[in-house]
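The chain contents come next:
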Amino acid sequence: MKLDSAPLDISGISQTEIELELKDSNDLNLTPAIAQPVQPVVADSPQKQQSAVVIFGTTFITIFLAEIGDKTQLSTLLMSAESHSPWVVFIGSAAALITTSLLGVLLGSWIATRLSPKTIEKSAGVMLLVISLMLFWDVFKG
């Protein structure tokens, strides 16, 4: 085996063939190589990367279901009925939702560079629990 030769693909070569090739080489200090499986390179994120279609679909369905009957939808409905200009109301509300979504995405990506996903999940859970308790207290008290 010459040092300037191309590397061997040892996946289809048996251990004895490797040892024979090493014995035939001019360098007598070589030891038999043992082929080990190559481990795939794992990204920094422990989760598997998802396709853009899956991410888009999940986001669309989640936001769509969350907005049905929401105060934003009801406000848009009332503004459209009062103004008699449904397309102007649609463009204004769509621009507002796009802007708030952009702020959420930018803030979320900034936070993701500084905190681990587990910390973000726990923080979101605690914040939702606090908001729920505050709403419960408001209903209970008033």
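The coordinates are above.
Note that this is a predicted model, so its numbers are computed, not measured.

Asks: Help me understand the layout of surface pockets in this model?
Replies: If a probe as big as a water molecule is rolled over the atoms, it shows which places are left empty. The computed volume of the largest pocket comes to approximately 950 Å³. Lining of the largest pocket is provided by 23 residues; of these, Ile63, Phe64, Glu67, Leu97 and Ser101 occupy positions nearest its centre. Of all the secondary structure elements, the ones that give two or more residues to the lining of the largest pocket are helix 2 (52–67), helix 3 (71–83) and helix 4 (86–112). Looking at the lining of the largest pocket, its residues break down into 13 nonpolar, nine polar and one charged.

Asks: How should helix 5 (residues 117–141) be read in this particular structure?
Replies: Structurally, the α-helix is built with 3.6 residues per turn, so residues lying three or four positions apart point the same way. The end-to-end C-alpha distance of helix 5, which contains 25 residues, comes to 36 Å, matching closely the 36 Å that a straight helix rising 1.5 Å per residue would cover. Among the 25 residues in helix 5, zero count as buried, and that is only a small part of the element.

Asks: How do you make sense of the packing of aromatic side chains when you look at a structure like this?
Replies: Given two aromatic rings, their pairing is described by the distance between the two centres and the angle made by the two planes. On inspection of all chains with the given rule, the structure shows five aromatic pairs. Where tryptophan 87 meets phenylalanine 90, the ring centres are 5.8 Å apart and the plane angle is 85°; that geometry is what we call edge-to-face. Here tryptophan 87 and its partner phenylalanine 90 are both found in helix 4, three residues apart, which amounts to about one turn of the helix. Residue tryptophan 87 is classed as exposed on the basis of its relative accessible area of 64%. On the accessibility criterion, phenylalanine 90 (48% relative accessible area) is partly exposed. Ring geometry for phenylalanine 136 versus phenylalanine 140: centroids 6.2 Å apart, planes at 15°, classification stacked. Of the two residues, phenylalanine 136 and phenylalanine 140 are both situated in helix 5; the distance of four residues between them amounts to about one turn of the helix. Under the relative-accessibility criterion, phenylalanine 136 is labelled exposed at 56%.

Asks: Please clarify how the packing of helix 3 against helix 4 should be interpreted in this entry.
Replies: In a packed pair of helices, the relevant descriptors are the angle between the two axes and the axis-to-axis distance. As a packed pair, helix 3 and helix 4 sit with axes 8 Å apart at the nearest point and diverge in direction by 155°. When the axis of helix 3 is compared with that of helix 4, the two are roughly antiparallel. Considering how the two elements wind past one another, helix 3 and helix 4 form a crossing that is right-handed. Across the interface between the two elements, Thr72, Thr76, Met79, Ser80 and Ser83 from helix 3 touch Pro86, Val89, Ser93 and Leu97 from helix 4. Its residues placed into classes, the contact of helix 3 with helix 4 shows four nonpolar, five polar and no charged.

Parameters and conventions
Residues numbered from 1 in each chain as written. Predicted model: local features only at pLDDT ≥ 70, side-chain atom pairs only at ≥ 80, totals over all residues. Heavy atoms only, no water. 1 Å grid on protein atoms, 1.4 Å probe; cavity = no way out; pocket = protein on both sides within 12 Å on 5 of 7 lines; lining within 4 Å. Points joined across faces, edges and corners; volume = space filled by probe spheres on them. Helix = DSSP H or I, 4+ residues; strand = E, 2+ residues; numbered from the N terminus. Nonpolar A, V, L, I, M, F, W, Y, C, P; charged D, E, K, R; others polar. Expected span 1.5 Å × (residues − 1). Buried < 20%, exposed > 50% of the residue type's maximum accessible area, 1.4 Å probe, protein only. Phe/Tyr/Trp six-rings, centres within 6.5 Å; stacked < 30°, edge-to-face > 60°. Axes fitted to C-alpha atoms, helices over the stretch in contact; angles between N-to-C directions. Parallel < 35°, antiparallel > 145°, perpendicular 65-115°, else oblique. Left-handed = near helix turned anticlockwise from the far one by under 90°. Contact = heavy atoms within 4.5 Å.

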